[in-house]
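Listed below, chain by chain, are the residues.
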Amino acid sequence: MTDCTYCGSPVEDHDPLYVSESPDGEPTGQFCNYGCLSAHIDDEGLTTGTACEWSSSQ
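Fair warning: this is a prediction, and the values are worked out from it, not measured in the lab.

**Q** Before we go on, may I ask you to explain the nonpolar core in this structure?
**A** Side chains that are nonpolar tend, in soluble globular proteins, to be buried together. Ranked by size, the top nonpolar core spans seven residues in total: C4, V11, L17, F31, C32, C36 and L37. Once residues lying within four places of it in the same chain are set aside, the contact partners of F31 are C4, T5, Y6, V11, D15, P16, L17, V19, C36, L37 and H40.

See the structure below:
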């Protein structure tokens, strides 16, 4: 069994989701469902600083 990257539960018991650093690469994370993936993204601050800069003067 594979443990969820976020909560540690067996992913096979749920609706598993696997993520990878590249389209054809090996999974670098596995999650029970989109809820665990979303919580992991929020807790790790993975979206902070990743957006394009925007200015209203453009």
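We are not done yet, so read on.
**Q** Please explain helix α1 (residues 34-44) as it appears in this structure.
**A** Think of an α-helix as turning once every 3.6 residues; residues three or four places apart then point the same way. Among all positions in α1, only C36, L37 and H40 are buried. Taken end-on, α1 shows its buried residues confined to a sector of 100°, consistent with a single buried face. Exposed side chains of α1 directed beyond 90 degrees from the buried face belong to Y34 and D42. Along its buried surface, α1 packs onto β1 (17-20) and β2 (27-31). For α1, the N-terminal cap is N33; the gap from its side-chain oxygen to the backbone nitrogen of G35 is 2.9 Å.

Criteria and cut-off values
- Residues numbered from 1 in each chain as written.
- Predicted model: local features only at pLDDT ≥ 70, side-chain atom pairs only at ≥ 80, totals over all residues.
- Heavy atoms only, no water.
- Core = buried A, V, L, I, M, F, W, Y, C linked by side-chain atoms within 4.5 Å.
- Buried < 20%, exposed > 50% of the residue type's maximum accessible area, 1.4 Å probe, protein only.
- Contact = heavy atoms within 4.5 Å.
- Helix = DSSP H or I, 4+ residues; strand = E, 2+ residues; numbered from the N terminus.
- Arc of directions from axis to C-beta.
- Polar contact = N/O pair within 3.5 Å; in protein donor to acceptor, adjacent residues only side chain to side chain.

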